[in-house]
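The chain contents come next:
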Amino acid sequence: MRKWHFNNTDICSNYKFNQSMSDFDKHGIAGVIRENIQNSCDAKLNNENPVKIDIDLNEIYSKDLPGIECLKVRIDSLKGENQYSRQTIANMQDVVKNEKCNAMIIEDSNTKGLSGATKEKSPYVAYAYSKGFHAEDEDEEKEAQRGGSHGIGKIASNAASDIATMYFATKDDLGEIYLGGTCELIDHSYGGRNFLGTGYFANFKVDRFEAYKNENVHSIFSKETRGLKVIIPFVKEEFFDLNEIIKSVCDSFFISILNKELEVNVSDERIDSENLESIILNEKYYEQNFKEFNRNSNLSPLYFKTFKNQDKAELKVSDKNGKIHSFDMYLDMVGGLKVARYCVFRTNGMKVAEKSIKGYSSSAFNIVLVSRSIEEDMFLKSLENEAHTQLSSEHIKDKVFKQNAIRFLNNLDSEIGKVVSKKLEELNPTDGKIDTSDIIYEMNYNFKKIEKENKSIIKVSEKSDRSNSKTDEKDEMEELIITKTSTGDFEITSDGSMVAKSTPSRTREGSSKSTTNSSNYKDEPVEKNFSSKRTINKEVSGKERKFVKLASGSAKRKISKNKEKLLLDLTGVEEIKKKLKCSLKISAIDGEGKETDDFLITDNYKNIKEAGINLNLSFDKKEIEEVAIIDNKINLVLELTEDYNKNLKFIYEVVI
């Protein structure tokens, strides 16, 4: 009788389920599919042909699972010592009683399979009995391109099972067929002895495991061709979804598929270079109306179109050591898009990261980056998390390498920000092509280093205009750095952001000297008499409301770190005369210079206060309510959310 083996332990001490399994569980079915396909691609046999993978969902009688009776008694012996483990164990003990169970089958071909089942160290031994051991390819170039690196991705299949169990069937280069499996339980007592939580479907002799021959099993476990087959029994209900599996394949591997390096069949749906587009641009699988995309949207359709249709350019990113890492960059500016991210692929066509950039998360762009060489692949591998979904420095222990990783990741965002900022500038030229009479036009740049000879530092008072040079040192928003560049005057906020003053600079009539050492810097007037542009009467909820659109010169903004100061001068706005309060409507200008309703105050501001008053104002998606008008001015301090885009331009409307 073939059974599961659990190693002995003197004392049970680990009552927590494997943390890596919990981490993979957070990635859902996408994590399972990505890890298994990546393992198959790493074991590619013939470079002339694609790796082929068949994924199917099936049902099987529980009695047909090899060694299941042995596994049942172990599961029944488990005792949880905390709420989470007690709930997990109760679910295990409940489902394992079922007569039938769902199963996911993932089978590859044109792969090497797991060789060396009878050896001490081999790909089979690493996969079957080792955690954190990554069997490296002897070919350095192939090893650099391989997806795996942490040696724990195989546990993703256990995470997909309600009883944390997976089987694998393999046929190697010698035609040998073996059947193994792993089960991730917790330390437990059984038959008067104590055992560790990890179980192996293998025979144990003295000091080594002995793999079982793949014989006399249900057809679902048979493996007729060279390669690997993974069988996951008791698949979690939320993972038993063909559409989600198809999307997971496309999300992580669409470049591999386009490059004809990978073909996947999910049940009856074929995913190859010929029909990939019909899937990824199909509303059955993906939302296609990009104007409705939000921060939770799947952007794969846009990534696909950007990669396929846009010309590539080179993006160079330096690290702390001055080493340059090069990427092929595919950029598309998408008018009307209100959520922006970039994704990173390795040369093998597997996506390893996706993120937004602070300050540009709402900009209308979409970027795909692809490593230019295996050198970049190797560097990226060192930055990837266990699930290969994020580039991070958090897991790096070496202090020097960690600092280098932090610098590279910061520079990566910065370089992309420069590219996007330049594109936005091209689309919104300051040469009069856009009617700037309705908008506040600002350009923001990440700006960390300023040549000393080009800058001067001034202090601007909080309570008076800039002619008063007295400064409250405690107020960070009051400290500005003024620099003169070839393109004009800029304000540099203390967090490194640079705000270009593209609206004509004017000096208050009759005012004293400018407060800056820069001879060309002139403060914007806030008390000049600006007329409102348009007044529109609307009936809202049976009540007539008047919307007065303010001219651009009546608004003055200042952003520092997570706060924005907004001063609106209502002098000359006839409609507001004798009013003490009003509502304020804020609308953004999109990348094409058009007013858009996509900007939501609730998504971009945490709280809003009147300057000098510690009382939060009420606001909804579009309007701030009960705003005081003092001396014909509205003076607000707004706390920004992390997704706030400092590049945005606004139209302000007083609502009475």
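Notes on the structure in this doc start here. The model shown is predicted, which means the values in this text are computed figures rather than measured ones. (Residues numbered from 1 in each chain as written. Predicted model: local features only at pLDDT ≥ 70, side-chain atom pairs only at ≥ 80, totals over all residues. Heavy atoms only, no water.)

1. Details of the overall build of the chain
Now for step 1: From N to C terminus, the chain includes 13 helices and 33 strands.
Now for step 2: Looking at the chain as a whole, 53% of its 656 residues are labelled buried.
Now for step 3: Sequence-distant contacts, at least 24 apart, represent 71% of the contacts inside the chain between residues at least 6 apart.
Now for step 4: Split by element, the accessible area of the chain, about 31,600 Å² in all, is 44% carbon and sulfur. (Helix = DSSP H or I, 4+ residues; strand = E, 2+ residues; numbered from the N terminus. Buried < 20%, exposed > 50% of the residue type's maximum accessible area, 1.4 Å probe, protein only. Contact = heavy atoms within 4.5 Å. Areas by Shrake-Rupley, 256 points an atom, 1.4 Å probe, with all protein chains shown as cover.)

2. A closer look at the pairing of strand β7 (residues 193-201)
Now for step 1: One ladder, built from four bridges, connects strand β1 (residues 4-8) with β7; its direction is antiparallel. Across the sheet, residue W4 finds its bridge partner in β7, namely F201.
Now for step 2: Pairing geometry for strand β5 (residues 177-184) and β7, over three bridges, is antiparallel. Counted as the bridge partner of T182 is Y200 from β7.
Now for step 3: Bridge count between strand β6 (residues 188-190) and β7: three bridges; the pairing is antiparallel. Directly across from S189, in β7, lies its bridge partner N194. (Pairing = 2+ DSSP bridges.)

3. Some remarks on the state of the cysteines
Now for step 1: What the rule picks out here adds up to zero disulfides.
Now for step 2: The structure places no disulfide on C70, whose sulfur is separated from the nearest cysteine sulfur, that of C183, by 9.5 Å. (Disulfide = S-S within 2.5 Å.)

4. Remarks on a negative patch on the surface
Now for step 1: Residues E283, E287, E292, D597 and D598 make up a contiguous surface patch of negative charge.
Now for step 2: With respect to the helices and strands, the residue E287 is situated in the loop between α9 (276-280) and α10 (300-309). (Patch = residues over 30% accessible without salt bridge, like charges linked within 9 Å, V, L, I, M, F, W, Y side chains within 5 Å. Salt bridge = Lys/Arg side-chain N within 4 Å of Asp/Glu carboxyl O. Lys, Arg positive; Asp, Glu negative; His and termini not counted. Charge placed at Lys NZ, Arg CZ, Asp CG, Glu CD.)

5. Brief notes about the packing of helix α2 (residues 28-42) against helix α8 (residues 242-258)
Now for step 1: At a closest axis distance of 9 Å, the pairing of α2 and α8 adopts a crossing angle of 55 degrees. Between α2 and α8, the angle falls in the class oblique. Considering only the axes of α2 and α8, their crossing is right-handed. Residues I29, A30, I33, R34, I37 and Q38 of α2 form the contact with α8, whose participating residues are E244, I245, S248, V249, S252 and F253.
Now for step 2: For the contact of α2 with α8, the residue count by class is seven nonpolar, three polar and two charged. (Axes fitted to C-alpha atoms, helices over the stretch in contact; angles between N-to-C directions. Parallel < 35°, antiparallel > 145°, perpendicular 65-115°, else oblique. Left-handed = near helix turned anticlockwise from the far one by under 90°. Nonpolar A, V, L, I, M, F, W, Y, C, P; charged D, E, K, R; others polar.)

6. A few points about the sheet that holds strand β32 (residues 633-640)
Now for step 1: Spatially, β26-β27-β32-β30 is the arrangement adopted by the four strands of the open sheet, whose pairing is antiparallel. Pairing within the sheet leaves two strands with one partner each, and these edge strands are β26 (555-560) and β30 (605-610). Averaged over all pairs of adjacent strands, the angle between strand axes in this sheet comes to 20 degrees, irrespective of strand direction.
Now for step 2: Sheet topology note: the strand β27 (residues 563-569)/β32 ladder contains seven bridges and is antiparallel.

7. Focus on the pattern of salt bridges
Now for step 1: Taken as a whole and judged by the stated rule, the model has 24 salt bridges.
Now for step 2: Between E176 and K213 there is a salt bridge, with the nearest N and O atoms lying 2.1 Å from each other. Within this pair, whereas E176 is found in the loop between β4 (165-171) and β5, its partner K213 is found in strand β10 (residues 212-213), the two being separated by 37 residues in sequence.
Now for step 3: We classify E176 as partly exposed; its relative accessible area is 27%.
Now for step 4: Overall, the relative accessible area of 34% leaves K213 in the partly exposed class.
Now for step 5: Of the charged contacts, one joins R372 and E314 as a salt bridge, the two residues approaching to 3.6 Å between their closest N and O atoms. On the criterion of sequence distance, the pair formed by R372 in the loop between β18 (365-371) and α11 (374-383) and E314 in strand β14 (residues 312-318) is long-range, its members being 58 residues apart.
Now for step 6: Using a relative accessible area of 37% as the deciding quantity, one classes E314 as partly exposed.

8. Structural notes on the packing of aromatic side chains
Now for step 1: Overall, the coordinates contain 24 aromatic pairs when judged by the stated rule.
Now for step 2: Ring centres of F204 and F209 lie 5.4 Å apart, and the angle between their planes is 65 degrees; this geometry places the pair in the edge-to-face category.
Now for step 3: Accessibility expressed as a relative area gives 32% for F204, which makes it partly exposed.
Now for step 4: On the basis of relative accessible area, F209 is assigned to the buried category, the value being 14%. (Phe/Tyr/Trp six-rings, centres within 6.5 Å; stacked < 30°, edge-to-face > 60°.)

9. Here's the deal with the nonpolar core
Now for step 1: Within the largest apolar cluster, 91 residues are counted, with the highest numbers of intra-cluster contacts made by M104 and L369.
Now for step 2: Looking at this core, the element that brings in the most residues is α8, giving eight residues.
Now for step 3: Residues contacting L369, with those up to four places away along its chain left out, are L315, F327, D328, M329, Y342, C343, V344, F345, L412 and I416.
Now for step 4: If you look at the next biggest cluster of nonpolar residues, it comprises 38 residues, including V95, A103, A159 and F195. (Core = buried A, V, L, I, M, F, W, Y, C linked by side-chain atoms within 4.5 Å.)

10. Thoughts on α8
Now for step 1: Across its 17 residues, α8 extends only 21 Å between first and last C-alpha, which sits more than 12% below the 24 Å expected from 1.5 Å per residue.
Now for step 2: The largest bend in α8 amounts to roughly 70 degrees and is located at S252.
Now for step 3: Following α8 by one or two positions, K260 has its phi on the positive side, about 60 degrees. (Expected span 1.5 Å × (residues − 1). Bend = angle between axes of the 7 residues up to and from the residue.)

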